[in-house]
Amino acid sequence: MFGRSEYKKKMEERRKKAYDRVYKLHQKATFLFYVNDAYIERYEGTDYVKLEGEVAKGKGRRKDSFELYDCEGRKKAGITMEEMYCGTDSVEEIEEDNRRIALYPREQDVPYQAGDMICKF
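Residues numbered from 1 in each chain as written. Predicted model: local features only at pLDDT ≥ 70, side-chain atom pairs only at ≥ 80, totals over all residues. Heavy atoms only, no water.

Engineer: Explain the overall build of the chain to me, please; I cannot follow it from the model alone.
Structural biologist: Of the regular secondary structure elements, the chain holds 1 helix and 9 strands. Order of helices (α) and strands (β) in the chain, N terminus to C terminus: α-β-β-β-β-β-β-β-β-β. Seen through its principal axes, the chain has C-alpha atoms that stretch 60 × 30 × 20 Å. Put simply, of all contacts in the chain between residues at least 6 apart along the chain, 62% involve residues at least 24 apart. Computed over 25 positive and 25 negative side-chain charges, the inter-centroid distance for the chain is 8 Å. (Helix = DSSP H or I, 4+ residues; strand = E, 2+ residues; numbered from the N terminus. Contact = heavy atoms within 4.5 Å. Lys, Arg positive; Asp, Glu negative; His and termini not counted. Charge placed at Lys NZ, Arg CZ, Asp CG, Glu CD.)

Engineer: How should I be thinking about unusual backbone geometry in this particular structure?
Structural biologist: Leaving glycine out, the prevailing phi sign among residues is negative, and the prevailing peptide bond configuration is trans. The phi dihedral of Glu-44 falls on the positive side, at around 50 degrees, and the residue is not glycine. Along the chain, Glu-44 turns up in the loop between β1 (31–43) and β2 (46–57). The phi dihedral of Arg-100 falls on the positive side, at around 55 degrees, and the residue is not glycine. Within the secondary structure, Arg-100 sits in the loop between β7 (93–95) and β8 (101–105).

Engineer: Explanation requested: the state of the cysteines in the structure shown.
Structural biologist: Disulfides are covalent bonds that link the sulfur atoms of two cysteine residues. In this structure the tally under the stated criterion is 0 disulfides. For Cys-86, which is in no disulfide, the shortest distance to another cysteine sulfur is to Cys-119 and amounts to 20 Å. (Disulfide = S-S within 2.5 Å.)

Engineer: Is there a simple way to explain the side chain of Asp-64 in this structure?
Structural biologist: Here Asp-64 is to be found in the loop between β3 (59–61) and β4 (65–69). Exposure remark for Asp-64: the relative accessible area of 15% places this residue in the buried category. Among the polar contacts made by the side chain of Asp-64, one reaches the main-chain amide nitrogen of Arg-61 at a distance of 2.8 Å. Every residue in contact with Asp-64, bar those within four places of it in the chain, is listed here: Ile-79, Thr-80 and Lys-120. (Buried < 20%, exposed > 50% of the residue type's maximum accessible area, 1.4 Å probe, protein only. Polar contact = N/O pair within 3.5 Å; in protein donor to acceptor, adjacent residues only side chain to side chain.)

Engineer: Just checking my understanding: could you explain the pattern of salt bridges for this structure?
Structural biologist: Close approach of charged atoms lets side chains of opposite charge pair. One pass over the structure, following the stated rule, counts 15 salt bridges. Lys-16 is paired through a salt bridge with Asp-20; the nearest N and O atoms lie 3.1 Å apart. One end of the pair, Lys-16, and the other, Asp-20, are both in helix α1 (residues 2–28), 4 residues apart, so they sit about a helical turn from each other. Several salt bridges converge on common partners, so that one network encompasses Arg-14, Asp-70, Glu-72 and Arg-74. (Salt bridge = Lys/Arg side-chain N within 4 Å of Asp/Glu carboxyl O.)

Engineer: How should I be thinking about the environment of Gly-45 in this particular structure?
Structural biologist: With respect to the element layout, Gly-45 can be found in the loop between β1 and β2. Residues Gly-45 and Lys-9, 36 residues apart in the sequence, show an inter-C-alpha distance of 51 Å.

Have a look at this one:
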């Protein structure tokens, strides 16, 4: 019994720290994008990482520098965008009201996954 309550206490502390990191990202970010799906898409014989999701906060431009965070608010990498799509249209900027967003990052070797967050500060 003693070991189990200590384990629960440590897990609760870990969850609280993760929650606090994510909350701080939400507060600080001028742009926040949630990655709902991340997969490889083949185009003209070459594979590219495609990130689909939604903008939760602000505006992001293709030329901006972004930071990629995991679902617990830990930084994974700095990234830039090769292409941005809103629906089927290539765009230079995405914002909160946009739907069906797809991003193609230049950095292909980063371990992207659903649940990640892309931020700009």
